[in-house]
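# Structural overview for review
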Amino acid sequence: MISLTSPVETRAHRWPAGLKLGGLCLASTALFLVGDIAILAAALGAVLALYAAPGPVFLRAGLRSLRVVLPFVAVLLAWHAIAGDMRMGLLVTLRMVTLVALANLVTMTTGLEDLVDLIRRLTAPLRRLGLPTQLLEIAIPLVIRFTPVLVARAETLAEAWRARSRRRPGWRLILPLTLQALDDADHVGEALRARGGPLGPHGQE
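Since this is a predicted model, take the numbers as computed values, not measurements. (Residues numbered from 1 in each chain as written. Predicted model: local features only at pLDDT ≥ 70, side-chain atom pairs only at ≥ 80, totals over all residues. Heavy atoms only, no water.)

## Let's talk about the overall build of the protein
To keep it simple, the criterion reads: Put simply, DSSP H or I for four residues or longer makes a helix, DSSP E for two residues or longer makes a strand, and each gets a number counted from the N terminus. Partly exposed describes any residue whose relative accessible area lies between the buried limit of under 20% and the exposed limit of over 50%, with all areas from a 1.4 Å probe on protein chains only and scaled to the type maximum. To be clear on the numbers: accessible area is Shrake-Rupley with a 1.4 Å probe, and residue cover counts the displayed protein chains and nothing else.
For the protein, the helix and strand inventory stands at 9 helices and 0 strands. Along its sequence from the N terminus, the protein presents helices and strands in the succession α-α-α-α-α-α-α-α-α. Here the protein holds 205 residues, and the buried ones make up 31% of them. As presented, the protein carries roughly 13,000 Å² of accessible surface, and 68% of it is formed by carbon and sulfur atoms.

As C-alpha cells, then:
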C-alpha cells in the first residue's frame, strides 16, 4: 500500500475497513488462480475504471502513486524476455500491478485510524494470550504513512541529480535515501518515546 487517504470523498470511504481488506484478500487469491493473460488484463482495466469513477483528481492521484511500480515492471519484463518466457512475464506483471493498484485503492479510501482499529481487533486473540501487539498496531500505519514520503524523497533526489549531471542516478541514490530514511526513523522513534508510546518506558512494561 503506497498512498495516503485521498482527499476526494468517494462511496468507498464509508465502507468498513474490514470489508475492503477482506475483498482485497479474495481478489488477491483469485488473481493468483487465474492463468489467462486476457482475464488479468481485463481485471487491471476494471481496477483502473474504479480509479476513474470518482473523477480526474482521484485518478491522477492514484496513477501518480503507482509510478513506483514501473521500475519493477521493467525489470520483470526484461528478465523474462532474456529467459525467453514473455508469457510468464506478462502474467507476473499484470498480477503485480493489479494487486498493488487494489491495495493502493484501499489505502486511498481508508483512514489510518480505521486501519489501526481493524488491526487492534484482529490482534485481540494475541493480546489475550499475553503477546504484545502495540508495536504491530503502530508499525503498519507508519509503513503506510512513510512509504509515499520515501517515494517523494527519491524523486527529489533524482531531480537534484539530473540538474547536476546528464548521467542517470541509478544506484547512486541508495545511500542518501537510506540515510534520510534512518534519520526520519530516529526522529519518529524519539517522538514516540517522548509521548510514552510503544517505544517508550510505558510501552516496554
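Having seen the model, we can carry on.
## Quick word on the side chain of Thr98
In plain terms, the rule: Pairing of N or O atoms within 3.5 Å defines a polar contact, subject to two protein rules: one partner must be a possible hydrogen donor and the other a possible acceptor, and residues neighboring in sequence count only if both atoms are side-chain atoms. Contact between two residues is taken to exist if any of their heavy atoms lie within 4.5 Å; hydrogens are not considered.
Looking at the element boundaries, Thr98 is found in helix α5 (residues 86–108). Residue Thr98 is classed as buried on the basis of its relative accessible area, which comes to 1%. Within the local environment of Thr98, its side chain forms a polar contact with the backbone oxygen of Leu94, the two atoms lying 2.7 Å apart. In this structure Thr98 touches Leu31, Leu40, Ala43, Leu44 and Val47, once residues within four positions along its chain are discounted.

## Comments concerning helix α3 (residues 56–65)
To keep things clear, this is the line we draw: Taken from the helix axis, the directions to the C-beta atoms give the arc we talk about.
Restricting attention to buried positions, one finds in α3 the residues Phe58, Gly62 and Ser65. For α3, the arc enclosing every buried residue in end-on projection is 70°, short of the 170-degree limit, so these residues lie on one face. Buried positions along α3 lie against α2 (37–52) and α5.

## What about a nonpolar patch on the surface?
For clarity, the threshold we go by: To count toward a patch, a residue needs a relative accessible area above 30% and no salt bridge. Like charges then connect within 9 Å, nonpolar side chains (Val, Leu, Ile, Met, Phe, Trp, Tyr) within 5 Å. Any carboxyl oxygen of Asp or Glu within 4 Å of a side-chain nitrogen of Lys or Arg constitutes a salt bridge here.
A grouping of Leu126, Leu129 and Leu131 is seen on the molecular surface, where their side chains present a nonpolar patch of about 300 Å² in accessible area. As for its position among the elements, Leu129 is in the loop between α7 (124–128) and α8 (134–164).

## With respect to the nonpolar core
Defined as follows: Note on terminology: a nonpolar core comprises buried Ala, Val, Leu, Ile, Met, Phe, Trp, Tyr and Cys residues joined through side-chain atoms within 4.5 Å.
Grouped together as the largest cluster of nonpolar side chains are 24 residues, with contacts concentrated most on Leu21, Leu24, Tyr51 and Phe58. Sorting the residues of this core by element identifies α1 (17–33), α2, α5 and α6 (112–122) as the ones contributing at least two each. It is α5 that contributes the most residues to this core, 10 residues altogether. Among all residues touching Leu24, those that are not within four sequence positions of it are Leu99, Leu102, Ala103 and Val106.

## As for the confidence of the model for the protein
Threshold: The pLDDT value expresses, per residue, how confident the predictor is, ranging between 0 and 100.
In this model, the protein carries a mean pLDDT of 79, and residues with pLDDT of at least 70 account for 86%. Mean pLDDT across the secondary structure elements of the protein bottoms out at α8, with 74, and peaks at α2, with 92.

## Regarding the packing of aromatic side chains
Note the cut-off: Only centres within 6.5 Å qualify two rings of Phe, Tyr or Trp (six-membered ring in Trp) as a pair; their planes then separate them into stacked at under 30 degrees, edge-to-face at over 60, and tilted for everything else.
In this structure the tally under the stated criterion is 1 aromatic pair. Centroid distance Tyr51 to Phe58: 6.1 Å. Interplanar angle 45°. Geometry classified as tilted. Of the two residues, Tyr51 and Phe58, both sit in the buried class.

## Observations concerning the packing of α2 against α3
Using the following cut-off: Every angle, taken between N-to-C directions, lies between 0 and 180 degrees, and every axis is a line fitted to C-alpha atoms, over only the stretch in contact when it is a helix. Roughly parallel means an angle under 35 degrees; roughly antiparallel, over 145; roughly perpendicular, 65 to 115; everything else is oblique. Three classes are used, and their members are as follows: Ala, Val, Leu, Ile, Met, Phe, Trp, Tyr, Cys and Pro are nonpolar, Asp, Glu, Lys and Arg are charged, and the others, Gly among them, are polar.
With their axes 7 Å apart at the nearest point, α2 and α3 run at an angle of 130° to one another. It follows that α2 is oblique to α3 by the angle criterion. For the pair α2 and α3, contact is made by Leu48, Tyr51 and Ala52 and by Phe58, Leu59, Gly62 and Leu63, respectively. Residue classes in the contact of α2 with α3 are distributed as 6 nonpolar, 1 polar and no charged.

## Structural notes on the packing of α3 against α5
To keep it simple, the criterion reads: By definition, any crossing whose near helix is turned counterclockwise from its far helix by less than a right angle is left-handed, and any crossing with a clockwise turn is right-handed.
The interhelical angle for the contact between α3 and α5, taken along N-to-C directions, is 125°, at an axis separation of 10 Å. As far as their axial angle goes, α5 and α3 are oblique. You can see that α3 and α5 cross each other, and the crossing is right-handed. Of the residues in α5, those touching α3 at Phe58, Ala61, Gly62 and Ser65 are Asn104, Leu105 and Met108. Of the residues belonging to the contact of α3 with α5, the class tally is 4 nonpolar, 3 polar and no charged.

## A word on the environment of Leu94
In this structure, Leu94 sits in helix α5. Considered as a pair, Leu94 and Ile39 are 55 residues apart in the sequence and their alpha carbons are 9.8 Å apart. Leave out the neighbours within four places in its chain, and Leu94 touches Ile37, Leu40, Ala41 and Leu44.

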